[in-house]
Amino acid sequence: MPVSPPTCDFGRRAPPFALPGTDNRTRTLDDIRGERGTLVMFICNHCPYVLAVLDRILRDARDLQALGIGVAAICANDAAAYPQDSFENMKTLAEDRAFPFPYLHDESQEVARAYGAACTPDFFGFDSSLGLQYRGRLDASGRQRAPEDTRRDLFEAMKQVAGTGRGPADQVPSMGCSIKWKAA
């Protein structure tokens, strides 16, 4: 059953983190922070919602980086229950698809909890001061990719953040598979 996260809590501060990346480097929020904004997204290897739009995520990340937006992706799924989301499989996916951003492993799930991540994909767009300005969808895609001429909601929102420091007032929540939390 698909999950949608809550709406944007404008101005909420980005929680700090230090997580291992698929490039064997530990990255912090300050490492990925962009001059004009920062995008932190929660994705995983197996989710059909992510896989349907992975090429668009990569395209938009490259385009946003060109605008001065720092980008990172985090996988927080329980890899014991979902082996496709193991750190080794994350490394393979990042290499095979030439991720233009760090792909980070949140094994403890503490970062996902601090951000309030609900699903994959889940996008958190911050301004240059790391205040939340976007908590919406990539585009109108779901389990199936929307048509090629679909409005690029995430890209347009973060372009606005880069230019004005403010995200759009109207945002459509992302939709995807729930974060695969570890049993308590």
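Chains are numbered independently. Their residues run from 1 in the order of the written sequence. Whole-chain, interface and lining totals are the exception, using all residues; otherwise, since this is a predicted model, local features are given only for residues with pLDDT of at least 70 and side-chain atom pairs are given and counted only at 80 or more. The basis for the side-chain values is all heavy atoms of the structure; hydrogens and waters are excluded.

1. Concerning the sheet that holds strand S4 (residues 69-75)
Whether parallel or antiparallel, the strands of a sheet pair through hydrogen bonds between backbone atoms.
Right, on to step 1. Here the rule is simple: two strands pair whenever DSSP picks up at least two bridges between them. Only DSSP runs of H or I reaching four residues or more are called helices, and only runs of E reaching two or more are called strands; each is numbered from the N terminus. What the five strands build is an open sheet, ordered S5-S4-S3-S7-S8; its pairing is mixed. Every interior strand has two partners, whereas the edge strands, strand S5 (103-105) and strand S8 (132-134), have only one. On average, each strand axis in the sheet is inclined to that of its neighbour by 30°, with strand direction left out of account.
Right, on to step 2. The sheet contact formed by strand S3 (residues 37-42) and strand S7 (residues 122-126) spans five bridges and is antiparallel. Bridging across to S7, Met 41 finds its partner in Phe 123.
Right, on to step 3. Residue contacts follow a heavy-atom distance rule, with two residues in contact if any of their heavy atoms lie within 4.5 Å. In this analysis, axes come from line fits to C-alpha atoms, helices being fitted only over the stretch in contact, and the angle between any two N-to-C directions falls in the range 0 to 180 degrees. Contacts between helix H2 (residues 48-66) and the sheet are confined to S3, S4 and S7, with S4 contributing the most and set at about 150° to the helix.
Right, on to step 4. Lying over the sheet, helix H5 (residues 153-164) contacts S3, S4, S7 and S8, oriented at roughly 135° with respect to S8.

2. Examining the packing of aromatic side chains
Right, on to step 1. Only rings of Phe, Tyr and Trp enter the pairing, Trp through its six-membered ring, and a pair is recorded when the two centres are within 6.5 Å. The plane angle decides the type: under 30 degrees is stacked, over 60 is edge-to-face, the rest tilted. Across all of its chains, the model carries seven aromatic pairs by this definition.
Right, on to step 2. Aromatic pair Phe 42 and Phe 124: ring centres 5.7 Å apart, planes at 80°, arrangement edge-to-face. Of this pair, Phe 42 sits in strand S3 while Phe 124 sits in strand S7, placing them 82 residues apart in sequence. When sorted by exposure, Phe 42 lands in the same class as Phe 124, which is buried.
Right, on to step 3. Centre to centre, the rings of Tyr 115 and Phe 124 are 5.4 Å apart; their planes meet at 80°, and the pair counts as edge-to-face. The same class applies to Tyr 115 as to Phe 124, namely buried.
Right, on to step 4. Pairwise contacts between aromatic rings join Phe 17, Phe 42, Tyr 115, Phe 124 and Phe 126 into one cluster.
Right, on to step 5. Geometrically, a charge over a ring is one whose NZ (Lys) or CZ (Arg) sits within 6 Å of the ring centre while staying within 35 degrees of the ring normal. A cation over an aromatic ring shows up here: Arg 152 above the ring of Phe 155, its NZ or CZ 4.1 Å from the ring centre. Note on classification: 1.4 Å probe, protein chains only; a residue is buried when its accessible area is under 20% of the maximum for its type, exposed when over 50%, partly exposed between these limits.

3. Here we look at the pattern of salt bridges
Right, on to step 1. Salt bridge criterion: a side-chain nitrogen from Lys or Arg within 4 Å of a carboxyl oxygen from Asp or Glu. Taken as a whole, this structure holds 11 salt bridges when the rule is applied.
Right, on to step 2. The salt bridge involving Arg 145 is made with Asp 55; its shortest N-O contact spans 2.7 Å. With Arg 145 in the loop between S8 and H5 and Asp 55 in helix H2, this residue pair connects regions lying 90 residues apart in the sequence.

4. A closer look at H2
Right, on to step 1. The end-to-end C-alpha separation of H2 is 28 Å, in line with the 27 Å expected for 19 residues at 1.5 Å each.
Right, on to step 2. What is called the bend at a residue is the angle between a pair of axes, fitted to the seven residues leading up to and ending at it and to the seven starting from it. The largest bend in H2 comes to about 60°, at Leu 54.
Right, on to step 3. Once H2 finishes, Gly 68 follows within two positions and takes phi at roughly 90°, a positive value. Given a helix with a known number of residues, its expected span is that number minus one, times 1.5 Å.

5. Topic: the pairing of S7
Looking along a regular strand, one sees the side chains alternate between the two faces of the sheet.
Right, on to step 1. Burial runs high along S7: five of the five residues are buried.
Right, on to step 2. A two-sided burial pattern is seen for S7, the buried positions comprising Asp 122, Phe 124 and Phe 126 on one face and Phe 123 and Gly 125 on the other.
Right, on to step 3. Both S7 and S8 contribute to a ladder of two bridges, which runs antiparallel. Bridging from a neighbouring strand, Phe 126 pairs with Leu 132 of S8.
Right, on to step 4. Linkage of S7 to S8, two consecutive antiparallel strands, is achieved through a turn of five residues, within which Leu 130 is found at a positive phi near 65°.

6. Describing the nonpolar core
Right, on to step 1. Ranked by internal contacts, the top residues of the largest apolar core, which has 34 residues, are Leu 39, Met 41, Ile 43, Ile 57, Phe 99, Phe 101 and Tyr 103.
Right, on to step 2. Secondary-structure elements contributing two or more residues to this core are S3, H2, S4, helix H3 (87-96) and H5.
Right, on to step 3. Core analysis: the next-biggest nonpolar cluster, separate from the first, contains 21 residues, Ile 32, Val 40, Val 111 and Phe 126 among them. We define a nonpolar core as any set of buried Ala, Val, Leu, Ile, Met, Phe, Trp, Tyr and Cys residues linked to one another through side-chain atoms lying within 4.5 Å.

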